[in-house]
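Understanding the architecture of this molecule
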Amino acid sequence: MIEAELRLTGTVAKVAVPTISPEAGRELPRTETRIESDTDGAVIHIRATDTTAMRAAINSYLECIRVIEDIDNLTKVRT
């Protein structure tokens, strides 16, 4: 098994746990994922059977994080 951790901080970490948890709970072939809060923010733990599955999982979660950041930036009150 190949393992990776994506560590998140700031606003994205607070939103990521409830937003990404349903995605992490989904069954994906050759991949196990869980997300949890920690003292600094959030951590996405990914385990995959091969590099292709790991690449796909990381790309998927990074895209989710990018969308969260984009929405956060769009909804901030500009002064």
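Not measured: the values here are computed from a predicted model. Starting from 1, residues in each chain are numbered consecutively following that chain's sequence as written. Reporting in this predicted model follows two pLDDT cut-offs: at least 70 for local features of residues, and 80 or more for side-chain atom pairs to be given and counted; totals over whole chains, interfaces and linings ignore these cut-offs and use all residues. Based on all heavy atoms of the structure, the side-chain values leave hydrogens and waters out of the count.

1. What about the pattern of salt bridges?
The line we're drawing: One side-chain nitrogen of Lys or Arg within 4 Å of one carboxyl oxygen of Asp or Glu is enough to make a salt bridge. Type-normalised accessible area, obtained with a 1.4 Å probe on protein chains alone, sets the label of each residue: buried when under 20%, exposed when over 50%, and partly exposed for intermediate values. A run of DSSP states H or I qualifies as a helix once it reaches four residues; a run of E qualifies as a strand once it reaches two. Both are numbered from the N-terminal end.
Using the criterion set out here, one finds nine salt bridges in the structure. Salt-bridge contacts for R7 lead to E5; the nearest nitrogen and oxygen are separated by 3.0 Å. Given a relative accessible area of 55%, R7 falls into the exposed group. Close ionic contact of D70 with R66 constitutes a salt bridge, the shortest N to O distance being 2.4 Å. Of the two residues, D70 and R66 both sit in helix α2 (residues 51–75), four residues apart, roughly one turn of that helix. What makes D70 partly exposed here is its relative accessible area of 33%. Shared partners join several salt bridges into a network, and the residues in it are E3, E32 and R47.

2. Regarding the environment of K76
Locating K76 in the fold gives a position in the segment after α2. Under the relative-accessibility criterion, K76 is labelled partly exposed at 43%. C-alpha of K76 to C-alpha of A16: the two residues are 60 residues apart in sequence and 17 Å apart in space.

3. Some words on the pairing of strand β2 (residues 31–38)
Rules: Between any two strands, pairing holds if DSSP finds at least two bridges.
Judged from the eight bridges that link them, β2 and strand β3 (residues 41–48) form a sheet pairing that is antiparallel. By the bridge assignment for β3, T31 is matched with A48. Linking β2 to β3, which pair antiparallel, is a turn of two residues.

4. Here's the deal with the nonpolar core
Here is the rule: What we call a nonpolar core is a set of buried Ala, Val, Leu, Ile, Met, Phe, Trp, Tyr and Cys residues that are connected through their side-chain atoms within 4.5 Å. Two residues form a contact once any of their heavy atoms are found within 4.5 Å.
Membership of the largest hydrophobic core comes to 19 residues, with the highest contact counts inside it found for L8, I20, I35, I44, I46 and Y61. Of all the elements in the fold, those that place two or more residues in this core are β1 (2–8), α1 (11–25), β3 and α2. Sequence-distant contacts of I44, that is, excluding residues within four places in its chain, are made with A4, E5, L6, L8, I20, T33, R34, I35, Y61 and I65.

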